[in-house]
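Chain by chain, the residues:
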Amino acid sequence: MVTQDIFNAVLAFDEATVVAKTQEGIDTGTAIDSILNDGLISAMDEVGEKFSAGELFVPEMLMAAQAMKAGLELLKPHLGEGGGQSKGTVVIGTVKGDLHDIGKNLVSMMMEGAGFDVVDLGVDVESEAFVKSAAEKNADVIALSALLTTTMPAMESTVKAVKEAGMATRTIIGGAPVTQAFADQIGADGYSADAPGAVKLVKELVA
Ligand code: B12
């Protein structure tokens with residue numbers, strides 16, 4: 001099955017096969033959700049488990065991530081509903097100190113696919129940069145990603161900075177270690193565990 005081949009290729013750090021099999025999946029009508037969730041995302045979960053178990057190390061994680069990203073790029077035009085008029089503006093980034101961007105990119109792609117204008121500030125983004133960009137773009141939502149428990153406090157300071165700036169822009173947070181309870185604790189306006197949920201959340205917030 002093509003999703004299993006994609007899964008295996010990510011775990012083998014085989015970018016060329018990830019690309020070929022992802023394209024094959026798209027061309028042969030495999031559900032995009034399945035390619036994404038059962039192929040690419042499940043493989044990265046497995047990579048995470050192997051990393052935790054000491055079976056994989058950072059350079060290998062990075063190679064797997066690059067292979068996954070190549071597959072994601074191909075899926076990009078197929079994610080979300082696409083087309084139409086802008087539904088609103090979202091400023092997104094990974095918070096200060098954190099360089100993980102795969103999940104953030106996925107959220108960003110799906111929001112674009114769902115018709116939002118997305119301003120992606122990249123990784124290691126300071127609170128002030130989120131506030132400045134959101135003000136300039138008159139953003140509806142600021143979306144913060146963190147993958148490290150050590151960078152979660154940067155989410156709190158960013159949410160605080162947005163409030164102190166007196167902006168109406170809503171804040172949402174996500175990333176593997178983040179929870180709804182943490183969102184409540186720091187006063188963020190929303191949390192989602194995954195990219196489709198993030199899109200749903202933003203739609204609700206701008207409605
Ligand atoms: C790939 C990876 C890397 C790559 C990152 C490459 C890149 N360009 O992103 C590299 C090798 C660089 C890396 C480095 C490090 N990593 Co790393 N990494 C991972 C790994 C294996 C996968 C992360 C990933 O991409 N997942 C796939 C994506 C799709 O999932 P996701 O990010 O969770 O995103 C989804 C949701 O969370 C959500 N979401 C994400 N963002 C947002 C935002 C919003 C607003 C919303 C609503 C939702 C949302 O939607 C996404 C899609 O569904 C994880 C393990 C894991 N399974 O999480 C470890 C992991 C996150 N890394 C870890 C560590 C420790 C590190 C390092 C410190 C290692 C080191 N010793 O150097 C460094 C830190 C570098 C830094 N300063 O950031 C730990 C973190 C532990 C902790 N509790 O803090 C993990 C959990 C591994 C582990 N099990 O120990 N890493």
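Because the structure is a prediction, the values reported are computed rather than measured.

Enquirer: Mind laying out the overall build of the chain, listing which residues take part and the relevant values?
Expert: A tally of helices and strands in the chain yields 9 helices and 5 strands. Shown N-terminal to C-terminal, the secondary structure of the chain runs as helices and strands in the order α-α-α-α-β-α-β-α-β-α-β-α-β-α. For 207 residues, the compact-globule formula gives about 17 Å, and the C-alpha radius of gyration of the chain, at 17 Å, lands near that figure. A principal-axis box enclosing the C-alpha atoms of the chain has dimensions of 50 × 45 × 25 Å. Within the span of the chain, comprising 207 residues, buried residues form 46% of the whole. For the chain, the share of sequence-separated contacts (at least 6 apart) that also reach a separation of at least 24 residues comes to 72%. When the accessible surface of the chain is split by element, carbon and sulfur atoms take 53% of a total near 9,800 Å². Charge-centre separation for the chain: the mean point of 14 positive side chains lies 6 Å from the mean point of 30 negative side chains.

Enquirer: I'd like a description of the side chain of Thr151, backed by residues and values.
Expert: Turning to its location among the elements, Thr151 is positioned in the loop between strand E3 (141-145) and helix H7 (152-164). On the basis of relative accessible area, Thr151 is assigned to the buried category, the value being 5%. A distance of 2.7 Å separates the side chain of Thr151 from the side chain of Asp98, its partner in a polar contact. The residues touching Thr151, leaving out its near neighbours within four places in the chain, are Val95, Lys96, Gly97, Asp98 and Ala146.

Enquirer: Describe the nonpolar core, naming the residues involved and giving the relevant values.
Expert: Counting residues in each nonpolar core, the largest one holds 41 residues, and the members touching the most others are Val10, Leu40, Met44, Leu75, Leu79, Met111 and Ile172. Mapped onto this core, the elements with two or more residues apiece are helix H1 (2-11), helix H2 (15-27), helix H3 (32-52), helix H4 (58-75), strand E1 (89-94), helix H5 (102-113), E3 and helix H9 (195-206). Looking at this core, the element that brings in the most residues is H3, giving 7 residues. Both of domain 1 (2-78) and domain 2 (89-206) provide at least three residues apiece to this core. In terms of nonpolar packing, the next biggest core, distinct from the first, is built from 24 residues, Ile142, Met152, Val159 and Ala183 among them.

Enquirer: Outline the sheet that holds E3, supporting the account with residue identities and numerical values.
Expert: Taken in spatial order, the 5 strands make up an open sheet running E2-E1-E3-E4-E5, and their pairing is parallel. The open sheet has two free edges, formed respectively by strand E2 (117-120) and strand E5 (190-191), since each of these has just one partner strand. Of the strands in this sheet, E1, E2 and E3 are in contact with helix H6 (residues 127-137), which crosses E1 at around 165 degrees. Its contacts with the sheet put H7 on E3 and strand E4 (170-174), and the angle it makes with E3 is roughly 165 degrees.

What counts, and at which threshold
Residues numbered from 1 in each chain as written. Predicted model: local features only at pLDDT ≥ 70, side-chain atom pairs only at ≥ 80, totals over all residues. Heavy atoms only, no water. Helix = DSSP H or I, 4+ residues; strand = E, 2+ residues; numbered from the N terminus. Rg over C-alpha atoms; globule rule 2.2 N^0.38 Å. Buried < 20%, exposed > 50% of the residue type's maximum accessible area, 1.4 Å probe, protein only. Contact = heavy atoms within 4.5 Å. Areas by Shrake-Rupley, 256 points an atom, 1.4 Å probe, with all protein chains shown as cover. Lys, Arg positive; Asp, Glu negative; His and termini not counted. Charge placed at Lys NZ, Arg CZ, Asp CG, Glu CD. Polar contact = N/O pair within 3.5 Å; in protein donor to acceptor, adjacent residues only side chain to side chain. Core = buried A, V, L, I, M, F, W, Y, C linked by side-chain atoms within 4.5 Å. Domains from an automatic or database assignment. Pairing = 2+ DSSP bridges. Axes fitted to C-alpha atoms, helices over the stretch in contact; angles between N-to-C directions.

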